[in-house]
Amino acid sequence: MASTIPQEPTLENSPSYWTLNKHDFFPGESFNNWGTYKTALSQTCHRLKDRLTSRSNDENELGEIKQQSKHEMKRCLNWWDLTWFGFGSVIGAGIFVLTGQEAHFDAGPAIVLSYVVSGFSAMLSVFCYTEFAIEVPVAGGSFAYLRIELGDFAAFIAAGNILLEGIVGSAAVARGWTSYFTTLLNRHPNSLRIHTNLANGFNLLDPIAVIVLVITSIIAIISTRKTSIFNWIASAINTTVIIFIIVVGFSQGKASNLKPFLPFGVKGVFQAAAIIYFAYGGFDTLANLAEETKNPPRDIPIGLIGSMSCIMVIYCLMSLSLSMMQKYTEIDPNAAYSLAFQTVGLKWAKPLVALGALKGMTTVLLVGALGQARYTTHIARTHMIPPWFALIHPKTGTPIYATLLTTILSAAFAFFSSLDALSSLLSISTLFIFMMMAIAILVRSFYGKCSLLEYKPRWLVRSCYNSSVLVFCDHGNVNSSA
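Counting restarts for each chain, with residues numbered from 1 along the sequence as it is written. The model is predicted, so local features are restricted to residues of pLDDT at least 70 and side-chain atom pairs to those at 80 or more, both for listing and for counting; the totals for chains, interfaces and linings are taken over all residues. Side-chain metrics in this entry use all non-hydrogen atoms of the structure; hydrogen atoms and water are not considered.

A.B. asks: Any chance you could explain the overall build of the protein here in plain terms?
C.D. replies: The helix and strand labels rest on DSSP assignments: H or I over at least four residues marks a helix, E over at least two residues marks a strand, and numbering proceeds from the N terminus. Secondary structure summary: the protein contains 19 helices and two strands in total. A separation of at least 24 residues holds for 83% of the contacts in the protein among residues at least 6 apart in sequence. If you sum the accessible surface of the protein, you get close to 20300 Å²; carbon and sulfur atoms cover 66% of it. By the convention used here, residues are in contact when the closest approach between their heavy atoms is within 4.5 Å. Using a 1.4 Å probe, the Shrake-Rupley method yields the accessible areas, and only the shown protein chains count as cover for residues.

This is the structure we're talking about:
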């Protein structure tokens, strides 16, 4: 008798996307009944050791793990889309909000050097992400790469930091969005926030930030392709405003405002670099979109390296123009650019700059919603969180459940927490993931597919040393954030 081959679920025979069952939250044989659960508990030590030493591989991530989502994401993006996604995901709160904050408190006019230092370090991470995304084009990004090279335990630790980075990052941008929106209305940055008696840093409730997060997430849920088109339009407007800021800033600025150039010394430059590293923190989203890219080996390098090279130059020029327009002691930490134009006699340009900042922050939130959801999707595929969040909607080709999860958590942070508290927390998480990625690329080069138990200590030490060199320029991050 011929054996019956089980059929893959299709749109016709698969359960409804909105139908839930026990296996969506408690997968695997261990949760079948109390007997299997007790058996699994008795094997805890063996399973933990297996988790600590086991590694995934390229084929598993691209095959069996990917199938946990039931449906495929739609391949609809090319290098042009990825390049604009790079602009949309990176240029936002970092340059429009943190530049003023760090120039005023830590670096002074030398903030331009802080952007050079952070940009150099970020570019090294871009090379790591590019190589991995070409060879392992899945939605998990750095989580999938670390799971392959450093094993499940390292990936588990990284997963928490990845989610922290994405959720807190979106919350920080949403808070900055509110500040610039109130500036556009010619009001105080905190005028539309609800003042309470809670602890300092958590006493200004921000309902507008929550609304913005919800709207951008809805757009991301509808369609990746439509999200890309929206991002083109918004990023084009933002780019026009950036060119205007740079040109007018240099023409109206004064070189005398650059003196003293290093008011806080070299230490201040690196302290600011550690915080504004956040400004480069969105490029990893492009690696998450590899599963939806038509030709990853060609499109991802162009999109990632091309967009980040341009962004680094833009950041340096914009920070220098701000320092020339206004003395660092007079720069407003909340809405630096729009108020700087007002001080040089261009009050009519203030709404335009604020509008450009809003456009930039909107695209950061939009692309961030895409990236965070795809991180969460792949984490759920490995059952580190319930696999319910890995499901892809058959019609939209997007992970709706994962998007809702990250949106709710980001909205909770944005509603209560201030921007300074969020940015310090975010920088630690971002640096940790980039450091892990540097180690992973070295492990991939030296060890290939051997078991973690086969690693030779001298090579592991050398790998860690080389990785620490790659991120040396952010060594002050932890100290400045503590």
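This is not the end of the story, as more comes after the structure.
A.B. asks: How should I be thinking about the side chain of His393 in this particular structure?
C.D. replies: If you trace the backbone, His393 turns up in the loop between helix H15 (350–381) and helix H16 (400–416). Between N or O atoms, a polar contact is any pair within 3.5 Å; within protein, one atom must be a potential hydrogen donor and the other a potential acceptor, and residues adjacent in sequence are included only when both atoms are from side chains. From its side chain, His393 meets the backbone nitrogen of Thr396 in a polar contact 3.4 Å long. Sequence-distant contacts of His393, that is, excluding residues within four places in its chain, are made with Tyr17, Trp18, Thr398 and Ile400.

A.B. asks: I tried to follow the environment of Tyr145 on my own but got confused; where do I start?
C.D. replies: Here Tyr145 is to be found in helix H7 (residues 142–149). Separated by 13 residues in the primary sequence, Tyr145 and Phe132 place their C-alpha atoms 6.7 Å from one another. Discounting chain neighbours no more than four positions away, the residues touching Tyr145 are Tyr129, Phe132, Ala133, Val136, Ala287 and Met437.

A.B. asks: Sorry if this is basic, but what is going on with the packing of aromatic side chains here?
C.D. replies: Working definition: an aromatic ring pair is given by the centre-to-centre distance plus the angle between the planes. Note on ring pairs: Phe, Tyr and Trp rings are taken, using the six-membered ring of Trp, and paired if centres are within 6.5 Å. Classes follow the plane angle, with under 30 degrees stacked, over 60 edge-to-face and the rest tilted. This model, assessed by the stated rule, comprises 16 aromatic pairs. Both rings, one in Tyr129 and one in Phe434, keep their centres 6.0 Å apart while their planes meet at 85 degrees; by these two values the pair is edge-to-face. In this pair, Tyr129 is assigned in helix H6 (residues 111–135) and Phe434 in helix H17 (residues 419–447), connecting sequence segments 305 residues apart. Like Phe434, Tyr129 is buried. Ring-pair connections join several aromatic residues into one group, and the members of that group are Trp79, Trp80, Trp84, Phe87 and Trp232. Think of it in three bands: with a 1.4 Å probe and only protein chains considered, a residue is buried below 20% of the maximum accessible area for its type, exposed above 50%, and partly exposed in between.

A.B. asks: Teacher, can you tell me more about the environment of Ala159 here?
C.D. replies: Along the chain, Ala159 falls in helix H8 (residues 152–184). Taking the C-alpha atoms as reference points, Ala159 and Leu146, 13 residues apart in sequence, are found 9.6 Å from one another.

A.B. asks: What is the right way to read helix H4 (residues 79–90) from this model?
C.D. replies: Residues lying three or four places apart along an α-helix face the same way, a consequence of the helix completing one turn every 3.6 residues. An expected span of 1.5 Å times one less than the residue number is assigned to each helix. Here H4 spans 16 Å end to end across 12 residues, near enough to the 16 Å set by a 1.5 Å rise per residue. For H4, the tally of buried residues reaches 10 of 12 residues, placing the bulk of the element in the interior. Listed in full, the buried residues belonging to H4 are Asp81, Leu82, Thr83, Trp84, Phe85, Gly86, Phe87, Gly88, Ser89 and Val90. Residues of H4 that are buried sit in contact with helix H10 (224–252), helix H12 (284–288), helix H13 (296–325) and H15.

A.B. asks: Even after reading the chapter, I still don't get the nonpolar core, so can you show me in this structure?
C.D. replies: As a rule of thumb, soluble globular proteins bury nonpolar side chains together. Phe96, Tyr129, Tyr180 and Tyr315 are the most contacted members of the largest nonpolar core, which totals 109 residues. Residue contributions to this core peak at 12 residues, all from H15. Setting aside residues no more than four positions away along its own chain, Tyr180 makes contact with Phe96, Val97, Asn334, Ala335, Ala336, Tyr337, Ser338, Ala354, Ala357, Leu358 and Met361. What makes a nonpolar core is a set of buried Ala, Val, Leu, Ile, Met, Phe, Trp, Tyr and Cys residues whose side-chain atoms join them at distances within 4.5 Å. Judged by nonpolar contacts, the second largest core, of nine residues, contains Tyr17, Phe389, Ala390 and Tyr401.

A.B. asks: Sorry, what's going on with unusual backbone geometry here?
C.D. replies: Trans peptide bonds make up the majority, and among non-glycine residues the majority have a negative phi. The residue after Lys259, namely Pro260, is reached through a cis peptide bond having omega -5 degrees. Among the structural elements, Pro260 can be located in the loop between H10 and helix H11 (265–276). Of note in the backbone geometry, Lys70 takes a positive phi value of approximately 70 degrees without being a glycine. Within the secondary structure, Lys70 sits in the loop between helix H3 (58–62) and H4.

A.B. asks: Help me out: how do you make sense of the packing of H13 against helix H14 (residues 336–343) in this one?
C.D. replies: For any two helices packed against each other, the geometry is given by the interaxial angle and the distance between the axes. Contact geometry of H13 with H14 gives a least axis separation of 9 Å together with a crossing angle of 40 degrees. As the angle between them shows, H13 and H14 are arranged oblique. As H13 packs across H14, the resulting crossing turns out to be left-handed. Contacts between H13 and H14 involve Met318, Ser319, Ser321, Leu322 and Met325 from the former and Ala336, Tyr337, Ala340, Phe341 and Thr343 from the latter. By the convention adopted, Pro, Cys, Tyr, Trp, Phe, Met, Ile, Leu, Val and Ala count as nonpolar, Lys, Arg, Asp and Glu as charged, and the other residues, Gly among them, as polar. Each residue belonging to the contact of H13 with H14 can be placed in one class, and the counts come to seven nonpolar, three polar and no charged. Orientation is described by lines fitted to C-alpha atoms, with helices fitted over the stretch in contact, and by angles between N-to-C directions that extend from 0 to 180 degrees. Working rule for angles: under 35 degrees goes down as roughly parallel, over 145 as roughly antiparallel, 65 to 115 as roughly perpendicular, anything else as oblique. By definition, turning the near helix anticlockwise from the far helix through less than a right angle yields a left-handed crossing, and turning it clockwise yields a right-handed one.

A.B. asks: Is there a simple way to think about the confidence of the model for the protein in this case?
C.D. replies: Close inspection of predicted coordinates is inappropriate for parts of the model with low pLDDT. The predicted model of the protein has a mean per-residue pLDDT of 79, with 87% of residues at 70 or higher. No element of the protein has a lower mean pLDDT than helix H19 (residues 477–481), at 36, and none a higher one than helix H9 (residues 207–222), at 92. Overall, residues 451–482 carries pLDDT values under 50, and its contacts beyond four positions in sequence, including any with other chains, amount to 56 contacts. Known as pLDDT, the predictor's confidence for each residue is given on a scale from 0 to 100.

A.B. asks: Would you take a moment to explain the packing of H6 against H11 for this structure?
C.D. replies: Running from N to C, H6 and H11 point in directions that differ by 55 degrees, and their axes come no closer than 8 Å. Overall, the two elements H6 and H11 adopt an arrangement that is oblique. In this structure, the crossing between H6 and H11 has a hand that is right-handed. Touching Ile111, Leu113, Ser114, Tyr115, Val117 and Ser118 of H6 are Val269, Phe270, Ala272, Ala273 and Ile276, all from H11.

A.B. asks: Help me out: how do you make sense of the pattern of salt bridges in this one?
C.D. replies: Any two side chains of opposite charge can pair, on the condition that their charged atoms come close. Just to be clear on terms, a salt bridge is a Lys or Arg side-chain nitrogen sitting within 4 Å of an Asp or Glu carboxyl oxygen. Enumeration over the complete set of coordinates arrives at 12 salt bridges. The residue Glu149 makes a salt bridge to Arg444 at a minimum N-O spacing of 2.5 Å. On the criterion of sequence distance, the pair formed by Glu149 in helix H7 and Arg444 in helix H17 is long-range, its members being 295 residues apart. Per residue, the accessibility class of Glu149 equals that of Arg444, and both read buried. A salt bridge links Arg374 to Glu292, with the nearest nitrogen and oxygen atoms 2.6 Å apart. Here the residue Arg374 occupies a position in helix H15, and Glu292 occupies one in the loop between H12 and H13, the gap between them amounting to 82 residues. Across the pair, Glu292 and Arg374 agree in class, each one buried. Residues participating in the shared-partner salt-bridge network are Asp58, Glu135, Glu149 and Arg444.

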